[in-house]
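# Analysis of the macromolecular model
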Amino acid sequence: MDIHRVAAFRDNYIFVLHDAEQGQAAVVDPGDAEPVLHTLEELGATLTAIFNTHHHSDHVGGNRQLLERFPQAQVYGGLEDRGRIPGQTHFLQEGDRVAICDCQAEVMFVPGHTRAHIAYYIAPATPNDWGELFCGDTLFAGGCGRLFEGTPQQMLESLGKLRQLPDTTRVWCAHEYTLNNLKFAVTVDGTNAALQQRLQQVQATRAQDQPTVPTELGFEKQTNPFLRWDDASLQQAMNSTSMVQTFARLRGKKDLF
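Note that residues are indexed from 1 along each chain, following the sequence as it is written. Thresholds applied to this predicted model are a pLDDT of at least 70 for local features of residues and 80 or more for the giving and counting of side-chain atom pairs; totals over whole chains, interfaces and linings are not thresholded and use all residues. Water and hydrogen atoms were dropped before computing side-chain values, which therefore reflect all heavy atoms in the structure.

In a beta sheet, neighbouring strands pair by backbone hydrogen bonds and run either parallel or antiparallel. Two strands qualify as a pair provided DSSP detects at least 2 bridges between them. Only DSSP runs of H or I covering at least 4 residues are called helices, and only runs of E covering at least 2 are called strands; the numbering of each starts at the N terminus. In spatial order, the strands read β7-β8-β9-β10-β13-β14; together these six strands make up an open sheet with mixed pairing. This sheet does not close on itself; its edge strands, each paired only once, are β7 (97–100) and β14 (215–216). Two elements, strand β8 (residues 103–109) and strand β9 (residues 118–122), share four bridges in a ladder whose sense is antiparallel. Following the sheet pairing, Val107 is matched in β9 by Tyr120.

What describes a pair of aromatic rings is the distance from one ring centre to the other and the angle between the planes of the rings. Two aromatic rings from Phe, Tyr or Trp, using only the six-membered ring of Trp, form a pair when their centres are within 6.5 Å; if the ring planes differ by under 30 degrees the pair is stacked, by over 60 it is edge-to-face, and anything between is tilted. Tallied over the entire structure, the rule returns nine aromatic pairs. Look at Phe226 and Phe247: their rings are 5.8 Å apart centre to centre, the planes differ by 75 degrees, and that puts the pair in the edge-to-face class. You can see Phe226 sitting in the loop between α7 (217–223) and α8 (232–237) and its partner Phe247 sitting in helix α9 (residues 243–255), a full 21 residues away along the chain. The exposure classification of Phe226 matches that of Phe247, with both residues buried. Through pairs of rings, three or more aromatic residues link up here, namely Phe184, Phe226, Phe247 and Phe257. Directly above the ring of Phe91 sits Arg82, whose terminal nitrogen or CZ lies 4.0 Å from the centroid. Three exposure classes are used, based on accessible area relative to the maximum for each residue type with a 1.4 Å probe and protein chains only: buried under 20%, partly exposed in between, and exposed over 50%. Cation placement over rings: the criterion is NZ of Lys or CZ of Arg within 6 Å of the ring centroid and within 35° of the ring normal.

Let us now look at helix α6 (residues 193–207). With 15 residues, α6 extends 21 Å from end C-alpha to end C-alpha; this agrees with the ideal 21 Å at 1.5 Å per step. Those residues of α6 lying buried are Leu195, Arg198, Leu199 and Val202. The arc that holds every buried residue of α6, seen down its axis, measures 105 degrees, which confines them to one face. Set apart from the buried face of α6 by more than 90 degrees, the exposed residues are Ala193, Gln200 and Ala207. Every residue pair with non-hydrogen atoms within 4.5 Å of one another is taken to be in contact. On its buried face, α6 is in contact with α5 (178–188), β14 and α7. Expected span of a helix: the number of residues minus one, times 1.5 Å. This arc is built from the directions going out from the helix axis to the C-beta atoms.

As a further point, take the pattern of salt bridges. Just to be clear on terms, a salt bridge is a Lys or Arg side-chain nitrogen sitting within 4 Å of an Asp or Glu carboxyl oxygen. For the structure shown, the criterion picks out 13 salt bridges. The shortest N-O distance in the salt bridge between Arg10 and Asp11 comes to 3.4 Å. On the accessibility criterion, Asp11 (13% relative accessible area) is buried. Across the pair Asp81 and Arg84 runs a salt bridge, and its minimum N-O distance is 2.9 Å.

Okay, the UniProt feature "binding site: Zn(2+) 1" (unreviewed entry) in the chain next. The sites that UniProt annotates as "binding site: Zn(2+) 1" (unreviewed entry) are His54, His56, His113 and Asp137. Over a stretch of 84 residues, the named residues converge on one spot in the fold, their C-alpha atoms separated by at most 10.2 Å. Within the element layout of this structure, His54 appears in the loop between β4 (46–51) and α2 (57–60). With relative accessibility at 0%, the residue His54 sits in the buried group. Whenever a nitrogen or oxygen atom comes within 3.5 Å of another N or O atom, the pair is scored as a polar contact, on the condition that within protein one atom can donate a hydrogen and the other can accept it, and that pairs from neighbouring residues in sequence are kept only if both atoms are in side chains. In terms of polar contacts, His54 uses its side chain to reach the side chain of Thr53, at 2.9 Å. UniProt positions are given in the numbering used here, feature names are shortened, and annotations may be inferred rather than shown by experiment.

Attention now goes to the UniProt feature "domain: Metallo-beta-lactamase" (unreviewed entry) in the chain. The feature "domain: Metallo-beta-lactamase" (unreviewed entry), as annotated in UniProt, sits at residues 11–175 in this numbering. Secondary structure content for residues 11–175 is 21% helix and 33% strand, while the C-alpha to C-alpha distance between its ends is 5 Å.

Before going further, it helps to spend a moment on helix α1 (residues 33–43). Along α1, the residues classified as buried are Ala33, Pro35, Val36, Thr39 and Leu40. Summarising the axial view, the buried residues of α1 lie within an arc of 165 degrees, below the 170-degree limit, and thus occupy one face. Away from the buried face of α1 by more than 90 degrees, exposed residues Glu41 and Glu42 are located. Here the buried face of α1 lies against β1 (2–8), β2 (12–19), β3 (24–28), β4 and α3 (63–69). One side-chain oxygen at the N-terminal end of α1 lies 3.4 Å from the backbone nitrogen of Glu34; it belongs to Asp32.

All right, on to the packing of α5 against α9 then. To obtain each axis, a line is fitted to C-alpha atoms, and for helices this fit is confined to the stretch in contact; angles are then taken between N-to-C directions over 0 to 180 degrees. Running from N to C, α5 and α9 cross one another at 125 degrees; their axes reach a closest spacing of 11 Å. It follows that α5 is oblique to α9 by the angle criterion. When the axes of α5 and α9 are compared, the crossing they make is right-handed. Facing α5, whose interface residues are Asn180, Asn181, Phe184 and Val188, α9 presents Leu250, Lys253 and Lys254. When residues are sorted by character, Ala, Val, Leu, Ile, Met, Phe, Trp, Tyr, Cys and Pro go into the nonpolar class, Asp, Glu, Lys and Arg into the charged class, and all the rest, Gly among them, into the polar class. Considering only residue class, the contact of α5 with α9 consists of three nonpolar, two polar and two charged. The labels follow the angle: roughly parallel below 35 degrees, roughly antiparallel above 145, roughly perpendicular from 65 to 115, and oblique for the rest. It is the rotation of the near helix from the far one that decides the hand of a crossing: anticlockwise by less than a right angle makes it left-handed, clockwise makes it right-handed.

Put into structure tokens, the structure is as follows:
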């Protein structure tokens, strides 16, 4: 299976997953149908499935147009998003397994950004392969999603699930927010040498208008403050007395950054 990163809107990413042998494809979070249709035409592929992580329009806005072109495509989303995802045919819960092209993905329930948010994790086929995580707006490179429908406790627990995945997991997050996220991160975790180095690398990458997604989960564990709520220096910087308070204060500061 090949993964094609498709840019949409100002800073969204849509992911087209292609099984060249079968001539079939799936798409993750198609907020806009047109770039997806263009990619499918270039690949000569038939769309068989749409995988949504949550109901926001910049993730599901292309569903109906894609279904007009490929009416047999199945639409997957979280059980608790029932009625909020156009064309949804499958209602998923924690631990469900779904076929994505020639791979099997595990469904992870990760509320916080929204109350029904899910993620899709494809484990590596061999110990030397990468795992693939499609996490929508829960985890970003250097950051995490805003809390629109969930609580800090929920988001911390959701990110905790993702943090337990292997370091060798590619994180296909849905927005190009990395540079701004890292600029914030150094304001709260400025003594983190790995973070400082990463910021310099990302500044150079974005200066050349190159994408920073996918990121690697191992890097995120070292440099993303929203995966480091139990780090003593961050707890001290947030003047907090618990991990949830550390996370909540970090998220509050980021909201105002």
